[in-house]
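Okay, here's what each chain looks like letter by letter:
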4 protein chains.
Amino acid sequence: MAPMTRYRRARERTYEVLEKAAEGDRLSQAVDITIIAVILANGAAVVLESFDGLYDRYAGWFFALELVSVALFTAELALRLWTCDLRRPGGSWPGAVVRFLVSPIGIIDLLAILPFYLPLLIPVDLRVVRVLRLVRFLRLLKLTRYTRSVATMAAVVRERRHELMVAVFLTSILLVVASTLMYYLESKVQPEAFPNIVASLWWAVATLTTIGYGDVFPVTGMGRLLSGIIAVLGIGLVALPTAIISSGFVEALARKPEAAEAEPPAAVAARFCPHCGKPLDAVGGTGNAIKESV
Amino acid sequence: MAPMTRYRRARERTYEVLEKAAEGDRLSQAVDITIIAVILANGAAVVLESFDGLYDRYAGWFFALELVSVALFTAELALRLWTCDLRRPGGSWPGAVVRFLVSPIGIIDLLAILPFYLPLLIPVDLRVVRVLRLVRFLRLLKLTRYTRSVATMAAVVRERRHELMVAVFLTSILLVVASTLMYYLESKVQPEAFPNIVASLWWAVATLTTIGYGDVFPVTGMGRLLSGIIAVLGIGLVALPTAIISSGFVEALARKPEAAEAEPPAAVAARFCPHCGKPLDAVGGTGNAIKESV
Amino acid sequence: MAPMTRYRRARERTYEVLEKAAEGDRLSQAVDITIIAVILANGAAVVLESFDGLYDRYAGWFFALELVSVALFTAELALRLWTCDLRRPGGSWPGAVVRFLVSPIGIIDLLAILPFYLPLLIPVDLRVVRVLRLVRFLRLLKLTRYTRSVATMAAVVRERRHELMVAVFLTSILLVVASTLMYYLESKVQPEAFPNIVASLWWAVATLTTIGYGDVFPVTGMGRLLSGIIAVLGIGLVALPTAIISSGFVEALARKPEAAEAEPPAAVAARFCPHCGKPLDAVGGTGNAIKESV
Amino acid sequence: MAPMTRYRRARERTYEVLEKAAEGDRLSQAVDITIIAVILANGAAVVLESFDGLYDRYAGWFFALELVSVALFTAELALRLWTCDLRRPGGSWPGAVVRFLVSPIGIIDLLAILPFYLPLLIPVDLRVVRVLRLVRFLRLLKLTRYTRSVATMAAVVRERRHELMVAVFLTSILLVVASTLMYYLESKVQPEAFPNIVASLWWAVATLTTIGYGDVFPVTGMGRLLSGIIAVLGIGLVALPTAIISSGFVEALARKPEAAEAEPPAAVAARFCPHCGKPLDAVGGTGNAIKESV
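All of these numbers come straight from a predicted model, not from anything done at the bench.

## What to know about the overall build of chain A
- For chain A, the helix and strand inventory stands at twelve helices and zero strands.
- Ordered by position in the sequence, the α and β elements of chain A form the string α-α-α-α-α-α-α-α-α-α-α-α.
- A total of 294 residues make up chain A; the buried ones form 45% of that total.
- Within chain A, counting contacts between residues at least 6 apart in sequence, those at least 24 apart form 59% of the total.

## Looking at the pattern of salt bridges
- Going through the model one piece at a time under the given rule, you end up with 30 salt bridges over all chains.
- A salt bridge links Arg80(B) to Asp109(B); its shortest N-O distance comes to 4.0 Å. With a gap of 29 residues between them, Arg80(B) in helix H3 (residues 54-83) and Asp109(B) in helix H5 (residues 104-121) connect regions that are remote in the sequence.
- Arg80(D) is the salt-bridge partner of Glu19(D), the closest N and O atoms lying 3.6 Å from each other. Of the two residues, Glu19(D) sits in the loop between helix H1 (2-18) and helix H2 (26-49) while Arg80(D) sits in helix H3 (residues 54-83), which places them 61 residues apart along the sequence.
- Relative accessible area serves as the criterion here: at 4%, Arg80(D) is assigned to the buried category.
- The network of salt bridges with common partners includes Glu19(B), Glu76(B), Arg80(B) and Asp109(B).

## Some thoughts on the side chain of Arg80(A)
- At 3.5 Å, the side chain of Arg80(A) forms a polar contact with the backbone oxygen of Leu18(A).
- Discounting chain neighbours no more than four positions away, the residues touching Arg80(A) are Leu18(A), Glu19(A), Phe100(A), Asp109(A), Arg145(A) and Tyr146(A).

## Topic: the packing of aromatic side chains
- Counted by the stated rule, this structure contains 24 aromatic pairs over all chains.
- Taking 6.3 Å as the distance between ring centres and 70° as the angle between the ring planes, the aromatic pair formed by Phe194(B) and Trp203(B) counts as edge-to-face.
- Relative to Tyr213(D), the ring of Phe217(C) lies with its centre 5.9 Å away and its plane at 45°, an arrangement referred to as tilted. Taken together, the residues span two chains, with Phe217(C) in the loop between helix H9 (197-208) and helix H10 (221-255) and Tyr213(D) in the loop between helix H9 (197-208) and helix H10 (221-255). The same class applies to Phe217(C) as to Tyr213(D), namely buried.
- Here a set of aromatic residues connected by ring pairs shows up, and it is made of Trp202(A), Tyr213(A) and Phe217(D).

## Observations concerning the nonpolar core
- One finds Trp203(A), Trp203(B), Trp203(C) and Trp203(D) to be the most contacted residues of the largest nonpolar core, which totals 80 residues.
- If near-sequence neighbours (up to four positions away) are discounted, Trp203(B) is found in contact with Ala178(B), Ser179(B), Met182(B), Phe194(B), Val216(B), Phe217(B), Pro218(B), Ser227(B), Ile230(B) and Tyr213(C).
- Within the second largest apolar cluster, 49 residues are counted, among which are Leu164(B), Ile245(B), Ala239(C) and Ile244(D).

## As for the side chain of Thr180(C)
Residue and element names in this part refer to chain C.
- If you trace the backbone, Thr180 turns up in helix H8 (residues 161-186).
- Looking at Thr180, the relative accessible area reads 1%, which means it is buried.
- Among the polar contacts listed, one links the side chain of Thr180 to the backbone oxygen of Val176, at a separation of 2.6 Å.

## Details of H5(B)
- In this model H5(B) runs 24 Å from its N-terminal to its C-terminal C-alpha over 18 residues, within 8% of the 26 Å that 1.5 Å per residue would give.
- Those residues of H5(B) lying buried are Gly106(B), Ile108(B), Asp109(B), Ala112(B), Ile113(B) and Pro115(B).

## Some thoughts on the packing of helix H4 (residues 93-102) of chain D against helix H5 (residues 104-121) of chain D
All names here are of chain D.
- Contact geometry of H4 with H5 gives a least axis separation of 4 Å together with a crossing angle of 75°. When the axes of H4 and H5 are compared, the pair comes out roughly perpendicular. Residues Phe100, Leu101 and Val102 of H4 form the contact with H5, whose own contacting residues are Pro104, Ile105, Gly106, Ile107, Asp109 and Leu110.
- Of the residues assigned to the contact of H4 with H5, the class counts are seven nonpolar, one polar and one charged.

## As for the environment of Ala41(A)
Residues and elements named next belong to chain A.
- When you line up the elements, Ala41 lands in helix H2 (residues 26-49).
- Assessed through its relative accessible area of 28%, Ala41 is described here as partly exposed.
- Along the backbone, Ala41 and Met153 are 112 residues apart, and their C-alpha atoms lie at a distance of 27 Å.

## Examining a nonpolar patch on the surface
- The grouping of Met222(A), Leu225(A), Ile229(A) and Leu233(A) at the surface amounts to a nonpolar patch, some 390 Å² of accessible area in total.
- Along the chain, the position of Leu233(A) falls in helix H10 (residues 221-255).

## A word on the environment of Ala30(D)
Residue and element names in this part refer to chain D.
- Here Ala30 shows up in helix H2.
- Owing to a relative accessible area of 39%, Ala30 belongs among the partly exposed residues under this scheme.
- Sequence-wise, Ala30 and Val46 are 16 residues apart; in three dimensions their C-alpha atoms are separated by 25 Å.

## Let's talk about the confidence of the model for chain A
Residue and element names in this part refer to chain A.
- Mean pLDDT over chain A works out to 78, with 84% of the residues at or above the 70 mark.
- Throughout residues 258-294 the model reports pLDDT below 50, and contacts reaching past four residues in sequence, or to other chains, amount to 76 contacts.
- The ipTM, which scores confidence in the relative placement of chains, is 0.73 for this predicted complex, and the corresponding pTM is 0.76.

## What to know about the environment of Arg139(B)
Residue and element names in this part refer to chain B.
- Within the element layout of this structure, Arg139 appears in the loop between helix H6 (126-135) and helix H7 (149-159).
- Linking Arg139 and Leu174, residues 35 residues apart in sequence, is a C-alpha distance of 35 Å.
- Apart from the residues within four sequence positions on either side, Arg139 is in contact with Ile39, Asn42, Glu66, Ser69, Val70, Phe73 and Ala112.

About the cut-offs
- Residues numbered from 1 in each chain as written.
- Chains lettered and ligands numbered in written order.
- Predicted model: local features only at pLDDT ≥ 70, side-chain atom pairs only at ≥ 80, totals over all residues.
- Heavy atoms only, no water.
- Helix = DSSP H or I, 4+ residues; strand = E, 2+ residues; numbered from the N terminus.
- Buried < 20%, exposed > 50% of the residue type's maximum accessible area, 1.4 Å probe, protein only.
- Contact = heavy atoms within 4.5 Å.
- Salt bridge = Lys/Arg side-chain N within 4 Å of Asp/Glu carboxyl O.
- Polar contact = N/O pair within 3.5 Å; in protein donor to acceptor, adjacent residues only side chain to side chain.
- Phe/Tyr/Trp six-rings, centres within 6.5 Å; stacked < 30°, edge-to-face > 60°.
- Core = buried A, V, L, I, M, F, W, Y, C linked by side-chain atoms within 4.5 Å.
- Expected span 1.5 Å × (residues − 1).
- Axes fitted to C-alpha atoms, helices over the stretch in contact; angles between N-to-C directions.
- Parallel < 35°, antiparallel > 145°, perpendicular 65-115°, else oblique.
- Nonpolar A, V, L, I, M, F, W, Y, C, P; charged D, E, K, R; others polar.
- Patch = residues over 30% accessible without salt bridge, like charges linked within 9 Å, V, L, I, M, F, W, Y side chains within 5 Å.
- Areas by Shrake-Rupley, 256 points an atom, 1.4 Å probe, with all protein chains shown as cover.
- pLDDT = per-residue confidence, 0-100.

Here it is as structure tokens:
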């Protein structure tokens, strides 16, 4: 039984170390810092490689970093898979592995190493390799594991996804309609700027997002009128997602326990039952409350 | 009486099928998907037609799509009119038809097919036909029928319409005043950029919406000062509608019944005491309530 | 005493007519529409005058409109002064006049006609007259009298004025610091674009407000780095006033009686008196509560 | 003992005078105004010095202002250090000094004078002096001491710092990824605009912040597609911090005691029971409830 327990202890310790370090857990902190450092080094490498000459001169170093990173990330992923059933106790190990691999964080971990192994498994031509190199950037996303707030924000966005999708949908329609109208208004005067509707989409995006590069803009009176209307609608367009996400944050805030002292006094009120005086927080929700009290 | 009931059943079924499909209602889902597909195909067609040559080469196909779409949308509209009194039971059929035809969704359905029939009824010259072709874009708006959230957002906007109209009103005044001042400040130096106040409105819009194409901008010191002030006011201008819609969403959120589970835990808990099961709203008191009730 | 009452009635009726028309008060509506029409005509006139030739050809008409407008606005102002003590009953007439003349709406009414009378009273040279003509634009502001929501929004802005002033203050500091740094970074390379700090303020405003006309932008690495930082801070700059005004609207909303059903249940908590257990909703407000409980 | 008390009185009075002036405290107000005036004069000086010739002609005056400012700020800092233990009574003087010097406001006070003394203490070459002159701008930050709301806003930002950092983090990743992709898409076509990834960061910032100077923009179809996507994401990017800070303000608002009168009527109504007239707030969680009900 002793080896068994030692085995279990090893797994639990491994899990601890891989998770965001707890206060004072030196080893876990060291591991976190190492991984973060390597991730940042990868980001820097991709950027530096883009400078002429730099790549050719230091190709060896870049390749070395690549090998180290892939080795580290592969080991990390392996250990995570080994211990992933410790996240939610009481589940089978295979099920936990699947749940992990289909979760966003799991997909990111996979994509961080696959581009390296793929060419070794199946023959791919150079252009594909080129694109695969870019995927290394997704390694930066591994950083999200080390910040909590990402979860909150993701939750807010997920909760409001319907409204956000509608906003995106309305935007797309507005973009297509705007560029169609602009095409019919300006293509005669500036055929090079508005050769077809797809091209004038470029103008529509630059206008609706209020970027206004200035490479394409209407010159006719009607075109400018339309452009003005689109621009003003663009403000509303910025207002919508902001408003949607704002209200989401306000709600999420009200739900958080820390927000307790931020609640209106009356709301904080019912902490204890005024009839029997027992604490209510202990129970929390009404659902089980009823069952329990029955 | 049998035929009567069969007739009634037919109408009810038709209504079901036309409405957004319920879970598992295969026929209704098929109809929805067909209509959505045709709508999207129409959007694509308008875009593709704008490419030189593409239209001439595939004129036949474009016309075929047009015929199919109009046939489908006409049938759809006819059936909707036939069954529209089932939406709100207990109303006369003619009344329901009128209500439907003046409703936004009804107007869109009409505009989606009218442009095709109009030239057949009354003689119109080619330029008008040109414009009418654009109206086909409104067919995209038929998609709004298939998303729920549009309603929520429309409601928020409608609720805040007064504030939004004021924002628009203030914006217009600001635009006119700004372009008037700019006209007097810059027309001497750049007569081609600011020939008259209407023309300098183009600058005012590009500045106030923070687009800044860069085709027109002040060059004199005073002009730049004014431009800077307008730009800063422009930020406030973006802030207003955002704030208005935001607050609208926050309120709509709080009012929604679904928002119930979004309440702060403590608030939900305070429905019944889980220990003695007595209602808590009655007291809404805190711990000291206990001492008292004892 | 009859004439006395007739006099009082006349004043009250005049006040009614001048105020925003009540339902079905034909005369009052007619007056409102006339004034609004003349105001809009004035706006149009100023715009049209800016077109070359247009002014010379229709100088007579423009002058006629000017005379009519001034006559109408003078009469309006006179009657308002005559009846302004009816707004807040129980005050002396002179006091009411002063209060009206120093109120924003009163100042606007004065500025709408003063530019016409000033040259008649004191000799002014043409340039001043030129500027005075612009002041006619303020007549558009007379329209604000006919919309309610302006009050709400003004209230929100007034309530948050401290925060807004701080935002403006921080913006100004940021602008000055940014343009100073940019001046030292770029003035060597682009002396014409950044001749001195005041000139580079133009760049700072265009960047911080995310307008980016594109007439002035950094070309050195350091300059672009600074520009990027300023741009990102610019986003925060847009966020601040939006957030400030948003929260103001949310609060104003919560204060409104209609918002009553928008309260979180827990907040409504005190539905029953914890002392005698009688329902409180029945009474609602405190005021009548006293009456009742007496 | 008399001198002792006189000494203590002197310190207390000095502290009062240096703090933001209380109503009617003439001396304190005079001191505040003097300091603010000198601070603003410094800002003006830095700006004016940037004009060619202006500096050479009035070098004397600028130097005089510098001397006066440094003397004043040095005296101010000295007195603040002398009295800083009066801020939080019951602490040792050295501890208070340290707390003050490491506080933001203390650091600003130090940086406001150090640049002047540094060259006198250690030999520095002219370029460093150049930079040091810029630091004088931080003197403007001394103004923050005289506005209250800065504290509130700083608090909101501090409270939401995690979310804001995440927003910044996501932005940086988005910037790097976008400019990497754009580099691979456009560097072939526009080698001068996208020579390497660091350079195309300039485009990414200008696009994501919707500035769009127009000096760098994609010309290929793929590049424009990417640019459009980045631009739309840019809107979300503006939405995030706005939403975060908004919700922070809404919460801060709800926590503020002044927000009390901002409660929805129904909640305010329940101050006293209309039947038995007993206070309800007492139960809604204040200590006196106990006293009373006992």
